[in-house]
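Next come the chains, spelled out residue by residue.
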Amino acid sequence: MAEEVPQPLNYIPEVILKKRKNNEEWAIRRKLQLEQRVKKLKSDNFVIKKPEQFIREYRDKEMDLVQMKQRGKKRSRRAFVTSDSSLLFVIRIGGKSDMHPRTRKLLYSLRLRKIFSGVFVKADARILEILQKVEPYVTYGYPNLKSIKDLIFKKGSGKIDKQRVPLTSNEVVEQALGQYGILCLEDVVTEIANVGPHFKEVTSFLCPFALTKPEKALQGKKKRFLDGGDSGNREDHINELVSKMN
């Protein structure tokens, strides 16, 4: 019998093998990315909005704009009456899809970009006018010395080189505010409580306070606090809310 001649093996160039391997790796990565995206959408309770919902949100925003203009025109004398203190602590308590972009811009001018964030402001005519326009989304009042201390010592943080730095030591304060003679946390408290000459520099250095959502203290009502709701001027009662959110 004649001996069988061995058949030559099929040769596949190395370039093609590498390309095939890369394609397989890309397909695996792509599959994992799609799986992770699906999981994320499910975990975020992703819901496709219906046209009716878009229309409702648009109407809510337009209504918010109309009401904001009306509140600005009223300029009620009662809204501009302040206590002996010219210091206010303002907390954002609402405002999402039902808020007009102009209202959002006013809240951003107060540095209230997130719900349950709070800032110290000087109660001048401009600030009071803004607060009246955004009243359904904020609550404010006159903080006492205890509330000021608790906020700064427990939740205080400052901005240094565009980074948020917790106020855990006096060195941080001295580094940022030493040129104004403010060297420690107690100096920060004093400057804010007295609305001192460097109040603007101190509040600009302080980041908005990230407060916790209080249990049963806020009912989600846009009515004014004096009328049984959550928003608007709480006067001295703001200290009770701060203690629950700090």
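Residues numbered from 1 in each chain as written. Predicted model: local features only at pLDDT ≥ 70, side-chain atom pairs only at ≥ 80, totals over all residues. Heavy atoms only, no water.

Undergrad: Which parts of the structure should I look at to understand the side chain of S117?
TA: Relative to the helices and strands, S117 resides in strand β2 (residues 117-122). At 2.5 Å, the side chain of S117 and the backbone oxygen of K114 are in polar contact. Not counting residues within four places of it along the chain, the set of residues in contact with S117 comprises V90, I91, R92, L112, P208 and F209. (Helix = DSSP H or I, 4+ residues; strand = E, 2+ residues; numbered from the N terminus. Polar contact = N/O pair within 3.5 Å; in protein donor to acceptor, adjacent residues only side chain to side chain. Contact = heavy atoms within 4.5 Å.)

Undergrad: Whenever I open this one, the pairing of strand β3 (residues 138-141) confuses me. Can you help?
TA: Looking along a regular strand, one sees the side chains alternate between the two faces of the sheet. Residues V138 and Y140 of β3 are buried on one face, and the alternating residues T139 and G141, pointing to the opposite face, are buried as well. With four bridges connecting them, strand β1 (residues 87-92) and β3 associate as antiparallel partners. Opposite R92, over in β3, you have V138 as the bridge partner. As paired strands, β3 and strand β7 (residues 232-235) are joined by three bridges and run parallel to one another. The partner of T139 across the bridge, within β7, is G232. (Buried < 20%, exposed > 50% of the residue type's maximum accessible area, 1.4 Å probe, protein only. Pairing = 2+ DSSP bridges.)

Undergrad: It is not clear to me how a positive patch on the surface should be interpreted in this structure. Could you clarify?
TA: A surface patch of positive charge is lined by R111, R113, K114, K159 and R164. Tracing the backbone shows K114 in the loop between α3 (101-109) and β2. A relative accessible area of 62% places K114 in the exposed class. (Patch = residues over 30% accessible without salt bridge, like charges linked within 9 Å, V, L, I, M, F, W, Y side chains within 5 Å. Areas by Shrake-Rupley, 256 points an atom, 1.4 Å probe, with all protein chains shown as cover. Salt bridge = Lys/Arg side-chain N within 4 Å of Asp/Glu carboxyl O. Lys, Arg positive; Asp, Glu negative; His and termini not counted. Charge placed at Lys NZ, Arg CZ, Asp CG, Glu CD.)

Undergrad: Before we go on, may I ask you to explain the nonpolar core in this structure?
TA: Side chains that are nonpolar tend, in soluble globular proteins, to be buried together. I91, F120, I152, V188 and I192 are the most contacted members of the largest nonpolar core, which totals 31 residues. For I91, the contacting residues outside a window of four places in its chain are F116, S117, G118, Y137, V138, T139, L211, I238, L241, V242 and M245. (Core = buried A, V, L, I, M, F, W, Y, C linked by side-chain atoms within 4.5 Å.)

Undergrad: How should I be thinking about the pairing of β2 in this particular structure?
TA: Most of β2 sits out of view: five of its six residues are buried. The pairing of β1 with β2 spans five bridges and is classified as antiparallel. Each residue of the ladder has a partner; that of F89, found in β2, is F120. Two strands pair when backbone bridges link them, and β2 and strand β6 (residues 209-210) are joined in this way by two bridges, in the antiparallel orientation.

Undergrad: What's the story with the pattern of salt bridges in this structure? I'm lost.
TA: Pairs may arise between side chains of opposite charge once their charged atoms sit close together. Throughout the structure, instances matching the rule amount to two salt bridges. We note a salt bridge from K133 to E129, for which the minimum N-O separation is 3.9 Å. Of the two residues, K133 and E129 are both situated in helix α4 (residues 125-133); the distance of four residues between them amounts to about one turn of the helix. Judged by its relative accessible area of 24%, K133 falls in the partly exposed class. The residue K146 makes a salt bridge to D150 at a minimum N-O spacing of 2.9 Å. In this pair, K146 and D150 are both assigned in helix α5 (residues 145-155), four residues apart and thus about one turn of the helix distant.

Undergrad: I would appreciate a short explanation of the environment of S243 in the present structure.
TA: Relative to the helices and strands, S243 resides in helix α9 (residues 238-245). Judged by relative accessible area, S243 falls into the exposed class, the value being 51%. For the pair S243 and L151, spaced 92 residues apart in the sequence, the C-alpha separation amounts to 9.0 Å.

Undergrad: What's the story with the environment of V172 in this structure? I'm lost.
TA: In this structure, V172 sits in helix α6 (residues 170-177). Under the relative-accessibility criterion, V172 is labelled buried at 11%. Residues V172 and L185, spaced 13 residues apart in sequence, show a C-alpha to C-alpha distance of 9.3 Å.

Undergrad: I would appreciate a short explanation of the sheet that holds β3 in the present structure.
TA: Working definition: the strands of a sheet are paired by backbone hydrogen bonds and lie parallel or antiparallel to each other. Taken in spatial order, the five strands line up as β6-β2-β1-β3-β7 in an open sheet, and their pairing is mixed. A strand with exactly one partner marks an edge of an open sheet, and here the two such strands are β6 and β7.

Undergrad: Can you walk me through α9 in this structure?
TA: What sets the pattern is the α-helix's 3.6 residues per turn: residues three or four places apart point alike. By the burial criterion, the buried members of α9 are I238, N239, L241, V242 and M245. The buried residues of α9 occupy an angular sector of 160° when the element is viewed end-on, so they sit on one face. In α9, the exposed residues that point more than 90 degrees away from the buried face are S243 and K244. Contacts from the buried residues of α9 go to β1, β3, α5 and β7. (Arc of directions from axis to C-beta.)

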